[in-house]
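Given next are the chains, with one letter for each unit.
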Amino acid sequence: MDLLPRLGDTPVSVAGRALTGEELAGAAGAYAARVAGLGTVAVTAEATLETVVAVVGALRAGVTVVPVPPDAGPMEREHIRRDSGAATGPPVDVAARADYRDAPAEAGRPAMVLYTSGTTGLPKGVMLSGAAIAADLDLLAAAWEWTEDDVLAHGLPLFHVHGLVLGVLGPLRVGSPLVHTGRPTPAAYAEAGASLYFGVPTVWSRLAADQAAASALRSARLLVSGSAGLPVPVFEQMRARAGQAPIERYGMTETLITISGTPSADRRPGWVGLPLPGVATRLVGDDGQALPMDGETVGELEVRTPTLMTGYLNRPDDTAAVITADGWMRTGDVACIGADGWHRIVGRQSTDLIKSGGYRIGAGEVEAALLAHPAVAEAAVVGRPDEDLGQVVVAYVVARRPVGGAELTDFVSGSLSVHKRPRRVVLVDELPRNAMGKVQKKLLD
Ligand code: MCA
Ligand code: AMP
């Protein structure tokens, strides 16, 4: 298969269950035969071999894959299903085997639609073409010197770019065996005995705090961190305890990974690296003018890349709002660029996009979920700094009647994914508003 040329000879194990490359190709072939012609198929993306077989099988059949977070509540699940028009995939049999002749996707059909949160509303479907995915994986393989001689280990969720595109399709394109650890715990990473490891900063922070696990990674060739900024203290602890700090790379669902460090260059704490070959970046000020790349001036980062999404599914206006007419993606991230081309991500323009444990969470989505509770009159959701998770979701609520924080947290996880529920609910008499009536989130503490 074009996208996954090494499928037939790349073994994969997930949470202790393994398939040889040939077995995986056979099981995916059997699944492909069952979903062929369905157009778009939803896959409940638990961290299992079944998910890998379903995703690979659908791709082989030229069917668009929509991974659904396994803990998504009914509201989120229903939104994804209705918005994408995805058919429910048949159950996966990892023991099935079939020869299957790959069916190329029709022109313009995305390989995948990944749902990701915006500042308001329900998650948007990011359409990713097979060509964009292939281009990104090839750029990353070259940058990281990632070859069939590597064994990749990680335990990231299989419904986002990091765990699924880089972490599953990557090995099947490069030909490096995959050990998915089920969950990204320090002990599981230590046991995996791999040469290459992927993690979000929370994973590295927890690993660095576990001396035995950190020592076990001394023999690894390369550790890679992404999905959120790696805190400098974690960088230093990893260097001290694992004998090496991770390299960083930066990207987003809409652009895939566009900026990275390399194994041979010096690691620079707080800096993510250089644009991948063929990727252009620039900084833009509030007035839309280009800003100097002097290592100090900060502005919005814009990226032009062959790995760009095709657009947001069913949302041409939202797509036009983030991609300029000449093809630059407005990332919403605030960055600075050094004269030597290195990039530092300083923060986000909008406080309404929260990153917790590497998950992107829209404040508006959580507020809407809270407002559906009969006791909630008003709600404002913010991200608060947190050593372990980067940020945690905190909700400020004006209640109509006495209500417990735990009841509201449970209520949110009843409609959205578990990681979106507030960690803390603060009941207040009123929310600070400006003269226009808009909530002043900066005044909440
Ligand atoms: C969680 N728990 C809670 C709450 N939230 N309990 C009460 N109230 C809450 N508000 C529960 C959890 O369900 C869990 O229970 C337990 O508390 C521990 O939760 P937590 O501290 O969150 O730890 P965790 O569940 O181990 O999660 C940390 C994690 C996770 C493993 C790092 O955040 C994670 O997998 N992050 C990866 C996100 C990711 O892949 N992002 C990539 C996006 P129990 O133990 O019972 O289950 S793609 C991207 O960003 C771009 C493209 C890029 O650059 O990569
Ligand atoms: P998502 O769409 O979930 O892929 O989230 C993308 C966002 O994650 C970006 O817009 C950044 O805010 C953030 N991000 C990803 N990688 C990094 C990194 N290495 N450093 C800082 N922020 C990052």
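Residues numbered from 1 in each chain as written. Chains lettered and ligands numbered in written order. Predicted model: local features only at pLDDT ≥ 70, side-chain atom pairs only at ≥ 80, totals over all residues. Heavy atoms only, no water.

1. Considerations on the pairing of strand β12 (residues 247-252)
- Across the six residues of β12, five count as buried, placing the element largely inside the fold.
- Pairing analysis gives two bridges linking strand β11 (residues 222-225) to β12, with the strands arranged parallel. Paired with Ser-225 across the two strands is Glu-248, which belongs to β12.
- Where β12 lies against strand β13 (residues 256-260), four bridges are found, and the strand directions are antiparallel. Each bridged residue has a counterpart across the sheet, and for Met-252 the counterpart in β13 is Leu-256.
- Connecting the antiparallel pair β12 and β13 is a turn made up of three residues. (Buried < 20%, exposed > 50% of the residue type's maximum accessible area, 1.4 Å probe, protein only. Helix = DSSP H or I, 4+ residues; strand = E, 2+ residues; numbered from the N terminus. Pairing = 2+ DSSP bridges.)

2. Describing the packing of aromatic side chains
- Under the counting rule described, the total for this entry stands at six aromatic pairs.
- Note on Phe-159 and Tyr-359: the rings are 6.3 Å apart at their centroids and 10 degrees apart in plane angle, and the pair reads as stacked. Of this pair, Phe-159 sits in the loop between β8 (152-154) and α5 (161-174) while Tyr-359 is found in strand β21 (residues 359-362), placing the two residues 200 residues apart along the sequence.
- Among the residues examined, Phe-159 registers a relative accessible area of 7% and is labelled buried.
- Summarising the aromatic geometry, the rings of Tyr-189 and Trp-204 are spaced 6.1 Å apart at their centres and angled 75 degrees between planes, so their arrangement reads as edge-to-face. (Phe/Tyr/Trp six-rings, centres within 6.5 Å; stacked < 30°, edge-to-face > 60°.)

3. Re the sheet that holds β8
- The strand order across the open sheet built from nine strands is β2-β1-β9-β8-β10-β11-β12-β13-β14, with neighbouring strands paired in mixed fashion. Lying at the two open borders of the sheet, with one neighbouring strand each, are β2 (17-19) and β14 (274-275).
- Sheet strands in contact with α5 are β1 (12-14), β8, β9 (178-180), β10 (196-199), β12 and β13, and its direction is about 160 degrees off that of β8.
- Packed on one face of the sheet, helix α7 (residues 201-208) meets β10 and β11 and runs near 115 degrees to β10. (Contact = heavy atoms within 4.5 Å. Axes fitted to C-alpha atoms, helices over the stretch in contact; angles between N-to-C directions.)

4. Some points on the site of ligand 2
- Arg-249, Thr-253, Asp-333, Arg-348 and Arg-360 are the nearest of the 16 residues found near ligand 2.
- Between ligand 2 and Ser-227 there is a distance of 3.3 Å, counted from a nitrogen atom to a backbone nitrogen or oxygen.
- Here an oxygen atom of ligand 2 sits 2.9 Å away from a polar atom, N or O, in the side chain of Arg-348.
- Protein burial of ligand 2: of its 500 Å² of free accessible surface, 91% is covered by the chains.
- Of all the secondary-structure elements, those providing two or more residues to the shell around ligand 2 are β12 and β19 (343-348).
- Considering every element that reaches the shell around ligand 2, the biggest residue donor is β12, with five residues. (Near = heavy atom within 4 Å. Polar contact = N/O pair within 3.5 Å; in protein donor to acceptor, adjacent residues only side chain to side chain. Areas by Shrake-Rupley, 256 points an atom, 1.4 Å probe, with all protein chains shown as cover.)

5. Regarding the nonpolar core
- Ranked by size, the top nonpolar core spans 102 residues in total, and within it Met-112, Ile-133, Trp-144, Tyr-197, Phe-198 and Trp-204 carry the most contacts.
- Per element, the largest residue contribution to this core is nine residues, and it comes from helix α4 (residues 130-144).
- Phe-198 has contacts with Trp-144, Trp-146, Leu-152, Ala-153, His-154, Leu-156, His-162, Leu-166, Gly-167, Tyr-189, Trp-204 and Val-224, leaving out every residue within four places of it along the chain.
- Leu-370, Val-393, Val-412 and Leu-416 belong to the second largest nonpolar core, which has 18 residues in total. (Core = buried A, V, L, I, M, F, W, Y, C linked by side-chain atoms within 4.5 Å.)

6. Focus: the sheet that holds strand β24 (residues 424-427)
- Within the open sheet, the three strands sit side by side as β22-β23-β24. Their pairing is mixed. Looking along the sheet, the strands with just one partner apiece sit at the ends: β22 (376-386) and β24. Adjacent strand axes in the sheet meet at a mean angle of 25 degrees when their direction is disregarded.
- Along the sheet, helix α11 (residues 363-371) contacts β22 and β23 (390-399); its crossing angle with β22, the most-contacted strand, is approximately 145 degrees.

7. Comments concerning α7
- For α7, the buried fraction is high: seven of the eight residues fall into the buried class.
- Listed as buried for α7 are Pro-201, Thr-202, Val-203, Trp-204, Ser-205, Leu-207 and Ala-208.
- Of the surrounding elements, those touching the buried residues of α7 are α6 (186-192), β10, α8 (211-216), β11 and α9 (232-241).

8. Notes on the site of ligand 1
- Lining the immediate environment of ligand 1, one finds 23 residues, of which Arg-183, Ser-227, Arg-249, Gly-357 and Arg-423 sit closest.
- Within the side chain of Ser-227, a nitrogen or oxygen atom sits 2.6 Å from an oxygen atom of ligand 1.
- At 2.7 Å from a nitrogen atom of ligand 1 is found a main-chain nitrogen or oxygen belonging to Gly-357.
- The protein chains hide 72% of the 1,100 Å² of surface that ligand 1 would expose on its own.
- At the level of secondary structure, the elements contributing two or more residues to the shell around ligand 1 comprise α5, α7 and β12.
- The element that contributes the greatest number of residues to the shell around ligand 1 is β12, accounting for three residues.

9. What to know about the pattern of salt bridges
- Overall, the coordinates contain 22 salt bridges when judged by the stated rule.
- Residues Arg-206 and Asp-388 are paired through a salt bridge, measuring 2.8 Å at the closest nitrogen-oxygen approach. Of the two residues, Arg-206 is situated in helix α7 and Asp-388 in the loop between β22 and β23; the sequence distance between them amounts to 182 residues.
- Judged by its relative accessible area of 41%, Arg-206 is partly exposed.
- For the salt bridge of Glu-378 with Arg-433, the shortest nitrogen-to-oxygen distance reads 2.5 Å. (Salt bridge = Lys/Arg side-chain N within 4 Å of Asp/Glu carboxyl O.)

10. Some thoughts on the pairing of β23
- β23 sits mainly inside the fold: seven of its 10 residues count as buried.
- With 10 bridges joining them, β22 and β23 adopt antiparallel strand pairing. Its bridge partner lying in β23, Ala-379 is registered against Val-397.
- Hairpin connection from β22 to β23: three residues lie between these consecutive antiparallel strands.
- Taken together, the four bridges between β23 and β24 define a ladder with parallel strand orientation. Bridge pairing links Val-397 to Leu-427 in β24.
- Once you follow β23 into helix α12 (residues 405-415) and on to β24, the crossover reads as right-handed. (Right-handed = clockwise from strand over helix to strand, strands pointing away.)

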